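Descriptive structure summary
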Amino acid sequence: MRIPGRTAALLASAAALAVALGGCKPPPEGADGKPRYPVHFDTPSTRPHTPAPATGTRVLFSRGDSGTGVRELQARLRQVRWLYDGPTGEYDDLTEKAVSGFQGKRGLPRTGRTDTVTWQRLLAMTHRPGRWELYLMGGQPAAPPDPRCLTGRVLCVSKTSRTLRWMIDGRTLTTVSVRFGSQYTPTREGVFSIYWKSRHHVSTLYDSPMPYAMFFSGGQAIHYSYDFAARGYAGGSHGCVNVRDETAIAALFAQVRDGDRVVVYR
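Residues numbered from 1 in each chain as written. Predicted model: local features only at pLDDT ≥ 70, side-chain atom pairs only at ≥ 80, totals over all residues. Heavy atoms only, no water.

Along any regular strand the residues' side chains alternate between the sheet's two faces. Of all the six residues making up strand E3 (residues 153–158), five are buried; the element is thus mostly covered by neighbouring parts of the structure. Strand direction decides the pairing type here: E3 and strand E4 (residues 163–168), joined by six bridges, are antiparallel. Residue pairing for E4: Arg153 is matched across the bridge by Ile168. The hairpin turn running from E3 into E4, its antiparallel successor, is four residues long, and Arg162 in that turn takes a positive phi close to 55°. Pairing geometry for E3 and strand E11 (residues 261–265), over five bridges, is parallel. Paired with Val157 across the strands is Val264, a residue of E11. (Buried < 20%, exposed > 50% of the residue type's maximum accessible area, 1.4 Å probe, protein only. Helix = DSSP H or I, 4+ residues; strand = E, 2+ residues; numbered from the N terminus. Pairing = 2+ DSSP bridges.)

We now examine helix H3 (residues 93–105). In this model H3 runs 18 Å from its N-terminal to its C-terminal C-alpha over 13 residues, within 8% of the 18 Å that 1.5 Å per residue would give. By the burial criterion, the buried members of H3 are Thr95, Ala98, Val99, Ser100, Gly101, Phe102 and Gln103. Here the buried face of H3 lies against helix H2 (68–79), strand E2 (114–115) and helix H4 (116–125). Residue Gly107 follows H3 closely and has a positive phi angle near 75°. (Expected span 1.5 Å × (residues − 1). Contact = heavy atoms within 4.5 Å.)

Moving on, we come to the confidence of the model for the chain. Mean pLDDT over the chain stands at 86; residues scoring 70 or higher make up 79%. Scored below 50 in pLDDT, residues 14–27 makes ten contacts in the model with residues more than four places away or belonging to other chains. Throughout residues 37–53 the model reports pLDDT below 50, and contacts reaching past four residues in sequence, or to other chains, amount to 13 contacts. (pLDDT = per-residue confidence, 0-100.)

Pairing in this open sheet of nine strands is mixed, and the strands run E6-E11-E3-E4-E5-E10-E9-E8-E7 from one edge to the other. If you trace the sheet from one side to the other, it starts and ends with strand E6 (190–193) and strand E7 (196–202), each paired once. The sheet shows a mean angle of 30° between the axes of neighbouring strands, taken without regard to direction. By the bridge criterion, three bridges tie strand E9 (residues 220–224) to strand E10 (residues 241–243) in an arrangement that is parallel. Bridging from a neighbouring strand, Ile222 pairs with Val241 of E10. (Axes fitted to C-alpha atoms, helices over the stretch in contact; angles between N-to-C directions.)

So, about the packing of aromatic side chains. Aromatic ring pairs: the centre-centre distance and the angle between the two ring planes describe each pair. Taken as a whole and judged by the stated rule, the model has eight aromatic pairs. Summarising the aromatic geometry, the rings of Tyr195 and Phe215 are spaced 6.3 Å apart at their centres and angled 50° between planes, so their arrangement reads as tilted. On the criterion of sequence distance, the pair formed by Tyr195 in the loop between E6 and E7 and Phe215 in strand E8 (residues 209–217) is long-range, its members being 20 residues apart. By relative accessible area, Phe215 is classed as buried at 4%. With 5.0 Å between their ring centres and 15° between their planes, Trp196 and Phe215 make a pair best called stacked. Separated by 19 residues along the polypeptide, Trp196 in strand E7 and Phe215 in strand E8 bring together distant segments of the chain. By relative accessible area, which is 39% here, Trp196 ends up partly exposed. What links up through ring pairs into an aromatic cluster is the set Trp132, Phe228 and Tyr233. (Phe/Tyr/Trp six-rings, centres within 6.5 Å; stacked < 30°, edge-to-face > 60°.)

Given below as structure tokens:
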């Protein structure tokens, strides 16, 4: 085998130093039968450094997983600006990319899987997400229906869980996430009736679109909201009950009749 000139020169220097230090005796042999010199030289390496996986780690979440734990992971990734969508509770490709980016920024192996080391690092940098951080874009479980919703045809709207149930004779046919008015323009509570439906309605007061509007109390209506679909619970309405699922509100609009009850409760 041909030895590069620089390495050969280093080995020759080592041999000369060994003779000078140990007299004329040959250097002792190592376990592999090769000479073992008292001086060791490290030659430069051109291989890139890759962080080794931490020992004793365990994968907590990975692509394809779902549930409340994944929802909390996504909410915390949003806090440190590694994720902008959701939380959805589904460990999808966007979540995997966000975890990989977070890991790489902190010198951890970029696996895209959330292991115990990654999770502890994320916990140290974030606060425990509140309920509406976890359900920023909807998907929260519905509250039990108000007793006034258990007979007849009713749009049963819970302010506590921010959900709307479409119910007929006590049976829930559809459940959707909803958003309400702000502190200064609150959505009224009580029992009302649908008195007017307007498919392509535009607010004359705020000059904003209100598709699939179903009016139940003055100018307050249940309708689709582009803003709710885009920003979730980061915003609010002027008193209306906003729905962010356009497919669901279109189906509701087709089923609900004038005179059907609306119950808004806490």
